[in-house]
2 protein chains.
Amino acid sequence: MTVSGVKQALTDSEILREISDAIIEGRLAPGEKLGQDELGKVFGVSKTRIRPILHRLTDQKIVVIEPMRGAFVARPSVEEARTVNAARQIIEEGVIRAATRMARPKDLKALREIVAQEHEARSSHMAGSAHRLTGEFHCELARITGNEVVADIVRDLVARDNLVVALYQRPNAAGCSLDGHASLIDRIADGDEDAAAHAMRHHLQDVMASLDLGQRKPPSKPLASAFAHLGAGPK
Amino acid sequence: MTVSGVKQALTDSEILREISDAIIEGRLAPGEKLGQDELGKVFGVSKTRIRPILHRLTDQKIVVIEPMRGAFVARPSVEEARTVNAARQIIEEGVIRAATRMARPKDLKALREIVAQEHEARSSHMAGSAHRLTGEFHCELARITGNEVVADIVRDLVARDNLVVALYQRPNAAGCSLDGHASLIDRIADGDEDAAAHAMRHHLQDVMASLDLGQRKPPSKPLASAFAHLGAGPK
DNA sequence: GCAACAAAAATCGTATACGATTTGAAAAAA
DNA sequence: TTTTTTCAAATCGTATACGATTTTTGTTGC
């Protein structure tokens, strides 16, 4: 019963995605340190391959590198939070308009399925899942356009916004955006492009308003348990 | 009179931008080989620092890496060309709507200035400049939103589209999109958001239609002269 | 007991080194 | 002459090594 686990040579992109997913899903908290040697051991490679990957994540703005100090999961400032949200209002207006024009019954079904899962996650008090699913809804919306480039852009924006939410959400986070998503689906089903666009803008504004931008949570400490599912033994 | 030139330690991001600009401005043609050692010599660093930068450009889709063969300036397929153009229609619809809502007189002036420069470049038969300015118009439009995230996204899309144009433009490239930009400005000046959005979609469709997707130009050969302005002497 | 300083440990950033793979050319066969 | 085969040169991908900087620890003084 040797450790085995990942061992069979992950590609750079796979490692990138692994770290990226860990951040998006909240298994790596904002501010957490991403040591090169440490990550290298986790994935069974040398830090020579980790470094470039960290820089790539820096381009996606979900990791920051402080010279001679190392890489950390990004902790977006209030200003950045506002900018990203504003960007989403601009970009996703185009997305929901296109989606409204192209949506087919099975697309609406997929969206409603996600909302249902969101409800389930909320009622089960699984904050992590609810978090992830909220973003997934917007990604699925982008997928309706059938355009991979658009889907990737939305995914990046959602990832950054997830960090914002992780940092600034109010302790007693009420189910803020649930009805928001449901009514978005209704507008799309109506085929009313203008109404859908309007609803999207307000939905994103609502999400922003539900945050407490006054104080961001302090950086936390531990790493490593975030990759438990990989089965890589430490040391 | 030693070589001097760049010598004073460029940062990774500066090198990245240098290569990126060279590609966008057409000094590096699609398909051109980007050797690691070669680029390292150009910038006076080891290939250890070049490699990650090439991977970052890969994420931007303006460079492709073929395993064990090296990095090349991307040569987007017809399918990718269509996808990027469709993405621009979706994204830039949101952008021009936001820009129309926010545009101030000085913004319109900046846009008209770019169109004027485009005319000048065309009449001077400076194809390269005209090319760059066409993209610059859309970037300036994005800048009107005052949102850096949006501006970066549009810049990336424009960069990819520039490669598409470089590959598929017709030999006798007529001034296709000149009036397109002028009428976009008029719609913005009117404050008619829907008309502006409609004009943008058709403008991008026109650009696409002006291409000859039947045959893409073959890969060309030489490198190195693209970075002459840096003053780095080759060996 | 706490603050300040000094030394040691850990970590980062880059260059160099080396095995693996591909490319190109030279030589041999048809 | 053309094709195939073989071998050398060039290039890529990764690990290791080493100087530079930061962080931590341990000690001293107050």
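Look above for the structure.
Residues numbered from 1 in each chain as written. Chains lettered and ligands numbered in written order. Predicted model: local features only at pLDDT ≥ 70, side-chain atom pairs only at ≥ 80, totals over all residues. Heavy atoms only, no water.

Enquirer: So what exactly am I meant to see when it comes to the sheet that holds strand S3 (residues 70-73) of chain B here?
Expert: Residues and elements named next belong to chain B. What the 3 strands build is an open sheet, ordered S1-S3-S2; its pairing is antiparallel. In this open sheet, the two strands that pair with only one neighbour each are strand S1 (33-34) and strand S2 (63-66). With 4 bridges joining them, S2 and S3 adopt antiparallel strand pairing. From the neighbouring strand, valine 64 faces S3, where its bridge partner is phenylalanine 72. (Pairing = 2+ DSSP bridges. Helix = DSSP H or I, 4+ residues; strand = E, 2+ residues; numbered from the N terminus.)

Enquirer: Before we go on, may I ask you to explain the interface of chain A and chain B in this structure?
Expert: Quite often, the size of an interface is put as the accessible area lost when its parts meet. Residue-level contacts link 28 residues of chain A with 28 residues of chain B. The junction of chain A with chain B conceals about 2200 Å² of combined surface from both sides, 65% of it contributed by carbon and sulfur atoms. Taken as a group, A:Arg56, A:Ile90 and A:Val149 account for 24% of the area that chain A buries against chain B, more than any other trio of residues on that side. Across the contact surface, chain A and chain B share 5 salt bridges. A:Glu93 is the partner of B:Arg101 in a salt bridge, and the nearest nitrogen-oxygen pair spans 2.7 Å. Elements supplying a minimum of two residues to the side of chain A that touches chain B: helix H3 (47-59), helix H4 (78-102), helix H7 (148-168) and helix H9 (193-209) of chain A. With 12 residues, H4(A) is the largest single contributor of residues to the side of chain A that touches chain B. Its residues assigned to classes, the side of chain A that touches chain B comprises 12 nonpolar, 5 polar and 11 charged. (Contact = heavy atoms within 4.5 Å. Buried area = accessible area lost by both parts, 1.4 Å probe. Salt bridge = Lys/Arg side-chain N within 4 Å of Asp/Glu carboxyl O. Nonpolar A, V, L, I, M, F, W, Y, C, P; charged D, E, K, R; others polar.)

Enquirer: What is the right way to read the side chain of A:Glu92 from this model?
Expert: All names here are of chain A. If you trace the backbone, glutamate 92 turns up in helix H4. On the basis of relative accessibility, which here comes to 1%, the residue glutamate 92 falls in the buried class. In contact with glutamate 92, not counting residues within four places along its chain, are Ala87, His138, Met200 and Leu204. (Buried < 20%, exposed > 50% of the residue type's maximum accessible area, 1.4 Å probe, protein only.)

Enquirer: Quick question: what am I supposed to make of the protein's contact with DNA strand C here?
Expert: Taken together, the neighbourhood of DNA strand C is formed by 16 residues, with A:Lys47, A:Arg51, B:Ser46, B:Thr48 and B:Arg69 sitting nearest. Counted by atom, the contact set of DNA strand C within 4 Å of the protein is 71% sugar and phosphate. Contact between DNA strand C and A:Arg51: a phosphate oxygen at 2.4 Å from a side-chain N or O atom of the residue. Contacts to DNA strand C include B:Ser46, whose backbone N or O atom sits 3.4 Å from a phosphate oxygen. When residues of the surface near DNA strand C are traced back to their parent elements, those giving at least two are H3 of chain A together with helix H3 (47-59) of chain B. Ranked by the residues each element gives to the surface near DNA strand C, the list is headed by H3(B), at 3 residues. Residue composition of the surface near DNA strand C, grouped by class: 4 nonpolar, 5 polar and 7 charged. (Near = heavy atom within 4 Å. Polar contact = N/O pair within 3.5 Å; in protein donor to acceptor, adjacent residues only side chain to side chain.)

Enquirer: Looking at this structure, I do not really get the protein's contact with DNA strand D. What am I missing?
Expert: Taken together, the neighbourhood of DNA strand D is formed by 17 residues, with A:Ser46, A:Thr48, A:Arg69, B:Lys47 and B:Arg51 sitting nearest. A share of 71% of the atoms of DNA strand D within 4 Å of the protein falls on sugar and phosphate groups. Measuring from a phosphate oxygen of DNA strand D, one finds a side-chain N or O atom of B:Arg51 at 2.4 Å. Among the elements of the structure, H3 of chain A together with H3 of chain B are those that each provide at least two residues to the surface near DNA strand D. Here the surface near DNA strand D takes 3 residues from H3(A), the largest share from any one element. Among the residues making up the surface near DNA strand D, the classes are represented as 5 nonpolar, 5 polar and 7 charged.

Enquirer: Just to check I follow, could you spell out the relation of the copies chain A and chain B for this structure?
Expert: These two copies of the chain differ by a rotation about an axis and a displacement along the same axis. Its rotation angle being 180°, the transformation that places chain A on chain B also includes 0.0 Å of axial translation and leaves an RMSD of 0.0 Å. What the rotation and shift describe, once combined, is the action of a two-fold rotation axis. (Least-squares fit on C-alpha atoms with pLDDT ≥ 70 in both.)

Enquirer: What is the right way to read the nonpolar core from this model?
Expert: For soluble globular proteins, the rule of thumb is that nonpolar side chains tend to be buried together. In terms of nonpolar packing, the biggest core is built from 28 residues, with A:Val150, A:Ile153, A:Leu157, B:Ile91, B:Ile153 and B:Leu157 touching the most fellow members. For this core, the elements supplying multiple residues, two or more each, are H4, helix H6 (127-144) and H7 of chain A together with helix H4 (78-102), helix H6 (127-144) and helix H7 (148-168) of chain B. With residues up to four places along the chain from it excluded, the contact list for B:Ile153 reads A:Ile91, A:Ile153, A:Leu157 and B:Ile91. Listed in part, the 24 residues of the second largest apolar core include B:Ile53, B:Leu57, B:Ile62 and B:Ala74. (Core = buried A, V, L, I, M, F, W, Y, C linked by side-chain atoms within 4.5 Å.)

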